[in-house]
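Okay, here's what each chain looks like letter by letter:
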Amino acid sequence: MNMQPQQDPKSQLRNIKDFLYLYNGITEHCFMKCVTDLGKSKLVESEKSCINGCANMYLQTNRRFMQQFMVHTPDMMKRKAEEMEKYAAAAEAAAAAQSPTIADAVTTDINPADIDIASISAPAAAIPTEIATPEIAAKPEVSTLEDATNPEKSPVPAQ
């Protein structure tokens, strides 16, 4: 009974490539370091000892590296997910801050006739009809406190 989970063919191919890359790296490094006499058909005892030690060191280092990688990967993935959530929240907040609202139309130079009432999330019953009428845009702006208290100059019609 096979206890390992089945892998898709791409993962299997990647694992084989990774293994061959490691194997070729070890072989090349240890050969260049340890084999000194190419005139003989067999390795001498010192070369055998050097190659065994070199390959052993490489394999132990790789094993320790993989153990540490497996220990720290979940933490790294968790931090990455938290960062992505923060960026998404910041992007949503920035997008929300840039969209005009009814309050912006009343308090700034936004022309109420230019606001698409259907795109605003407030219920339609909560929006006074006076705000969405083009007559407001035709009224002069309130420039002083005296103008604001004068009903004839007020941008909002009296009810």
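Reference entry: report on the structure contained in this document. Residue numbers restart at each chain and count upward from 1, following the sequence in its written direction. Totals for whole chains, interfaces and linings use every residue, but because this is a predicted model, local features are given only for residues with pLDDT of at least 70 and side-chain atom pairs only at 80 or more, for both listing and counting. Excluded from the side-chain calculations are hydrogens and water; all other atoms, namely the structure's heavy atoms, are used.

Looking at the overall build of the protein
- Strands here mean DSSP runs of E at least two residues long; helices mean DSSP runs of H or I at least four residues long; both are numbered from the N terminus. In terms of regular secondary structure, the protein is built from 5 helices and 0 strands.
- Listing each helix as α and each strand as β along the protein from the N terminus yields α-α-α-α-α.
- Only protein chains enter the calculation, and the probe is 1.4 Å; a residue is then buried if its accessible area is under 20% of its type maximum, exposed if over 50%, and partly exposed in between. Considering the protein as a whole, with its 159 residues, one finds that 11% of them fall into the buried category.
- Two residues form a contact once any of their heavy atoms are found within 4.5 Å. Sequence-distant contacts in the protein: of pairs separated by 6 or more residues, those separated by 24 or more amount to 32%.

Details of the pattern of salt bridges
- Salt bridge, as used here, is a side-chain nitrogen of Lys or Arg placed within 4 Å of a carboxyl oxygen of Asp or Glu. Evaluated as defined, the whole model comprises 1 salt bridge.
- Residue K40 is joined to D37 by a salt bridge in which the shortest nitrogen-to-oxygen separation is 3.8 Å.

Concerning the state of the cysteines
- Cysteine sulfurs are considered disulfide-paired once they come within 2.5 Å of each other. Applying the stated criterion across every chain yields a total of 2 disulfides.
- Here C30 is linked by a disulfide to C54, with a sulfur-sulfur distance of 2.0 Å. The sign of the -85 degrees torsion about the S-S bond sets the C30-C54 disulfide as left-handed. Separated by 24 residues along the polypeptide, C30 in helix 1 (residues 9-34) and C54 in helix 2 (residues 45-98) bring together distant segments of the chain. Neither C30 nor C54 differs from the other in exposure class; each is buried.

Section: helix 1
- Taking 1.5 Å per residue as the helical rise, helix 1 with its 26 residues ought to reach 38 Å, and the 37 Å between its terminal C-alpha atoms agrees with that figure.
- Within helix 1, burial applies to S11, I26, C30 and C34. To estimate the expected span of a helix, subtract one from its residue number and multiply by 1.5 Å.

Notes on helix 2
- With 54 residues, helix 2 extends 76 Å from end C-alpha to end C-alpha; this agrees with the ideal 80 Å at 1.5 Å per step.
- Axes are fitted to the seven residues ending at a residue and to the seven starting at it; the angle between these axes is taken as the bend at that residue. Approximately 35 degrees is the largest bend angle found in helix 2, and it occurs at H72, with the proline P74 only one to four residues beyond.

Remarks on the packing of aromatic side chains
- Only the six-membered ring of Trp is used, alongside the rings of Phe and Tyr, when aromatic pairs are assigned; centres must lie within 6.5 Å, and planes under 30 degrees apart are stacked while those over 60 apart are edge-to-face, with the rest tilted. In this structure the tally under the stated criterion is 2 aromatic pairs.
- Taken together, a centroid distance of 6.3 Å and an interplanar angle of 20 degrees make the contact between F19 and Y23 stacked. Residue F19 and its partner Y23 are located together in helix 1, separated by 4 residues, close to a single helical turn.
- Pairing F65 with F69 gives two aromatic rings, centres 6.4 Å apart and planes at 25 degrees, and the pair type is stacked. With F65 and F69 both in helix 2 and 4 residues apart, this pair spans about one turn of that helix.
- Classification of F65 by relative accessible area gives exposed; the value is 53%.
- Given a relative accessible area of 42%, F69 falls into the partly exposed group.

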